[in-house]
Amino acid sequence: MSTPELSAGHSGLMDGVYRHQRHIYDLTRKYYLLGRDRMISELAPPKGGTVLELGCGTGRNLILAAKRYPNAHFYGLDISAEMLATARASIARAGLSDRISLAQADATSFDAASLFGRTGFDRVFVSYALSMIPGWERSVSAALAVSVGSVHIVDFGQQEGLPNWFRNLLRGWLARFHVSPRETMAVEIAAQASAAGKSCRFSALYRGYAWLFVVGGPKPI
């Protein structure tokens, strides 16, 4: 199956999953999508800088980041038209439509120039999207390809410091929403960072409940 066919299939799946959930998504997810605010606090784009989010969903992170960094311009893409409808409405209510631009696209394969008129961004971030994206490794590659600064990623870890019963309960719940924590995420991101000649900082949060990565800058000699 070709990439466009995969994209269309996944787009339809995500629209089906979030057609109704998008209305309560932010209210419910704040209790278990941990580490997002720390990631946003570490973005620190330069004055007049540009920030891109892959898999922006309801726009929650973009709105918080735009308020925190008023001198930067923000961009977001998502494969789900339903989620983008909620994001656009939320951004308009926040009065940020002039600083946040959105587009529908597949995070594993997109043309930033045609979507946003830009080929590079000072910061790129991905928040709890890799665990939902088929071929998520390509999203990491895509993020690195358009980054002229740093890439920030937060997602479910392997809950390595938590009891087995909790891990099993969490994964059973996540599977209902087509979410699967990526066991090889740390190895894959580190390998891609190394191949790109960039450093990679990794933090396990909340006993491994979440993993946080910052990729950027030259590798230490």
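What you see is a predicted model; the values in this text were computed from it and never measured. (Residues numbered from 1 in each chain as written. Predicted model: local features only at pLDDT ≥ 70, side-chain atom pairs only at ≥ 80, totals over all residues. Heavy atoms only, no water.)

Student: Could you give an account of the overall build of the protein chain, with specific residues and numbers?
Tutor: A count of helices and strands for the protein chain gives nine helices and seven strands. Out of the 221 residues in the protein chain, the part that is buried amounts to 53%. Of the contacts made within the protein chain by residues no fewer than 6 positions apart, 73% connect residues no fewer than 24 positions apart. When the accessible surface of the protein chain is summed, it comes to about 10000 Å², and 56% of that surface belongs to carbon and sulfur atoms. (Helix = DSSP H or I, 4+ residues; strand = E, 2+ residues; numbered from the N terminus. Buried < 20%, exposed > 50% of the residue type's maximum accessible area, 1.4 Å probe, protein only. Contact = heavy atoms within 4.5 Å. Areas by Shrake-Rupley, 256 points an atom, 1.4 Å probe, with all protein chains shown as cover.)

Student: How would you explain the environment of Arg 88 if you had to name every residue and give the values?
Tutor: With respect to the element layout, Arg 88 can be found in helix α5 (residues 81-93). The sequence separation of Arg 88 and Ser 101 amounts to 13 residues, and the corresponding C-alpha distance is 8.9 Å. Among all residues touching Arg 88, those that are not within four sequence positions of it are Leu 102 and Ala 103.

Student: Summarise the nonpolar core; cite the residues concerned and give the values.
Tutor: Core analysis: the largest hydrophobic core is formed by 33 residues, its most contacted members being Leu 62, Phe 74, Ile 100, Leu 102, Tyr 128, Phe 156 and Tyr 209. Elements represented by at least two residues in this core include exactly α3 (36-41), α4 (60-68), α5, β3 (100-104), β5 (147-156), α8 (164-175) and β7 (210-218). Excluding anything up to four places from it in sequence, Leu 102 contacts Cys 56, Leu 62, Gly 76, Leu 84, Ala 87, Arg 88, Ile 91 and Phe 116. Formed by 30 residues, the second largest nonpolar core is a distinct cluster that contains Trp 136, Ala 142, Val 151 and Trp 211. (Core = buried A, V, L, I, M, F, W, Y, C linked by side-chain atoms within 4.5 Å.)

Student: Could you give an account of the packing of aromatic side chains, naming the residues involved and the relevant values?
Tutor: The way to describe two aromatic rings as a pair is by their centre distance and the angle between their planes. Per the stated rule, a full pass over the model turns up eleven aromatic pairs. Aromatic side chains Trp 165 and Phe 166 sit 5.9 Å apart centroid to centroid with 80° between the ring planes, which places their arrangement in the edge-to-face category. Centre to centre, the rings of Phe 166 and Tyr 209 are 6.3 Å apart; their planes meet at 50°, and the pair counts as tilted. Here Tyr 209 lies in the loop between β6 (198-205) and β7 and Phe 166 lies in helix α8, a separation of 43 residues in the sequence. Residue Phe 166 is classed as partly exposed on the basis of its relative accessible area, which comes to 26%. Three or more aromatic residues joined by ring pairs make a cluster, and in this case those are Tyr 128, Phe 156, Trp 165, Phe 166 and Tyr 209. (Phe/Tyr/Trp six-rings, centres within 6.5 Å; stacked < 30°, edge-to-face > 60°.)

Student: Can you break down helix α9 (residues 185-195) residue by residue, with the values?
Tutor: Buried within α9 are the following residues: Met 185, Ile 189, Gln 192 and Ala 193. Mapping the buried residues of α9 onto a view down its axis gives an arc of 100°, with all of them on the same face. More than 90 degrees from the buried face of α9, the exposed residues found are Val 187 and Ala 195. Looking one or two residues past α9, Gly 197 carries a phi angle of roughly 75°, positive in sign. (Arc of directions from axis to C-beta.)

Student: Hey, could you go over the confidence of the model for the protein chain for me, with residue numbers and the actual values?
Tutor: On average, residues of the protein chain score 88 in pLDDT, and 84% of them reach the 70 mark or higher. Throughout residues 10-29 the model reports pLDDT below 50, and contacts reaching past four residues in sequence, or to other chains, amount to 34 contacts. (pLDDT = per-residue confidence, 0-100.)

Student: Any details on the pattern of salt bridges? Residues and values, ideally.
Tutor: Inspection of the entire model under this criterion finds three salt bridges. One salt bridge connects Arg 60 with Asp 37, and the closest N-O pair in it is separated by 2.9 Å. Pair noted here: Arg 60 is in helix α4 and Asp 37 is in helix α3, with a separation of 23 residues, a long-range link. On the accessibility criterion, Arg 60 (19% relative accessible area) is buried. With a relative accessible area of 45%, Asp 37 lands in the partly exposed category. Across the salt bridge formed by Glu 42 and Arg 38, the nearest N and O atoms sit 3.1 Å from each other. Judged by relative accessible area, Glu 42 falls into the partly exposed class, the value being 24%. The partly exposed category is assigned to Arg 38, whose relative accessible area is 36%. (Salt bridge = Lys/Arg side-chain N within 4 Å of Asp/Glu carboxyl O.)

Student: Could you give an account of the pairing of strand β1 (residues 50-54), naming the residues involved and the relevant values?
Tutor: Here β1 lies mainly inside the structure; five of its five residues are buried. Of the two faces of β1, the one lined by Thr 50, Leu 52 and Leu 54 and the one lined by Val 51 and Glu 53 are each fully buried. Examined bridge by bridge, β1 and strand β2 (residues 73-78) share five bridges and lie parallel to one another. Counterpart to Thr 50 in the pairing with β2 is His 73. The β-α-β motif built from β1, the intervening α4 and the parallel element β2 has right-handed crossover chirality. Two strands pair when backbone bridges link them, and β1 and strand β4 (residues 121-127) are joined in this way by four bridges, in the parallel orientation. Residue pairing in the sheet places Leu 52 in a bridge with Val 124 of β4. (Pairing = 2+ DSSP bridges. Right-handed = clockwise from strand over helix to strand, strands pointing away.)

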